[in-house]
Amino acid sequence: MQKECCAVIIKSNENNERNYYSINNDSNKNMFYYIEKDKTITSYDYQNDILKRENEEMQLEYQFKLNSNTTNSIFIKQLNKKFNIDIFTKEIVKTSTNLKIVYTIDNQEFTYEIRKEIA
């Protein structure tokens, strides 16, 4: 497993966040993961384009398929209830130093991006 310092960028019309995390990249499993400041564990399966996030309050799983709609789930732990959410994936870009996904939920566009910091 390889650790790399990366910028994690999440953009929407109302929000533009940039945080830096130590990303654990496991090329044998075709995935990486990191732990956010609020202890949310985030993982991404880059072979199947599945993003997972989990913390004390919720668990979500998004599958991205280019130019397609997918139905995904968010589980709210306190309510013990699962909600479905439809996502349309507009763009997936994967390079050795960058992952960028542009998707829409209820006509609102989001960008999720991971960039390796090059010293």
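Residues numbered from 1 in each chain as written. Predicted model: local features only at pLDDT ≥ 70, side-chain atom pairs only at ≥ 80, totals over all residues. Heavy atoms only, no water.

Participant: Describe in detail the overall build of the chain, supporting the description with residues and values.
Facilitator: Summing up its helical and strand segments, the chain has zero helices and 10 strands in all. Shown N-terminal to C-terminal, the secondary structure of the chain runs as helices and strands in the order β-β-β-β-β-β-β-β-β-β. In terms of overall size, the chain behaves like a compact globule, its C-alpha atoms giving a radius of gyration of 14 Å where 119 residues would be expected to give roughly 14 Å. With respect to the three principal axes, the spread of C-alpha positions in the chain is 40 × 30 × 30 Å. Residues counted as buried form 39% of the 119 residues belonging to the chain. Put simply, 23% of the contacts in the chain that link residues at least 6 apart link residues at least 24 apart. Roughly 7700 Å² of accessible area belongs to the chain as shown, and the carbon and sulfur atoms make up 43% of that amount. Computed over 17 positive and 18 negative side-chain charges, the separation of the two mean positions in the chain equals 2 Å. (Helix = DSSP H or I, 4+ residues; strand = E, 2+ residues; numbered from the N terminus. Rg over C-alpha atoms; globule rule 2.2 N^0.38 Å. Buried < 20%, exposed > 50% of the residue type's maximum accessible area, 1.4 Å probe, protein only. Contact = heavy atoms within 4.5 Å. Areas by Shrake-Rupley, 256 points an atom, 1.4 Å probe, with all protein chains shown as cover. Lys, Arg positive; Asp, Glu negative; His and termini not counted. Charge placed at Lys NZ, Arg CZ, Asp CG, Glu CD.)

Participant: Let's hear about the sheet that holds strand β5 (residues 50-54): which residues, and what values?
Facilitator: Judged by pairing direction, the barrel is antiparallel, and its 10 strands sit side by side in the order β1-β2-β3-β4-β5-β6-β7-β8-β9-β10 before closing back on the first. Taken over all neighbouring pairs, the strand axes of this sheet differ in orientation by 25° on average, direction set aside. Direction of pairing for strand β1 (residues 2-11) relative to strand β2 (residues 16-26): antiparallel, over a ladder of 10 bridges. Bridging across to β2, Ile9 finds its partner in Arg18. (Pairing = 2+ DSSP bridges. Axes fitted to C-alpha atoms, helices over the stretch in contact; angles between N-to-C directions.)

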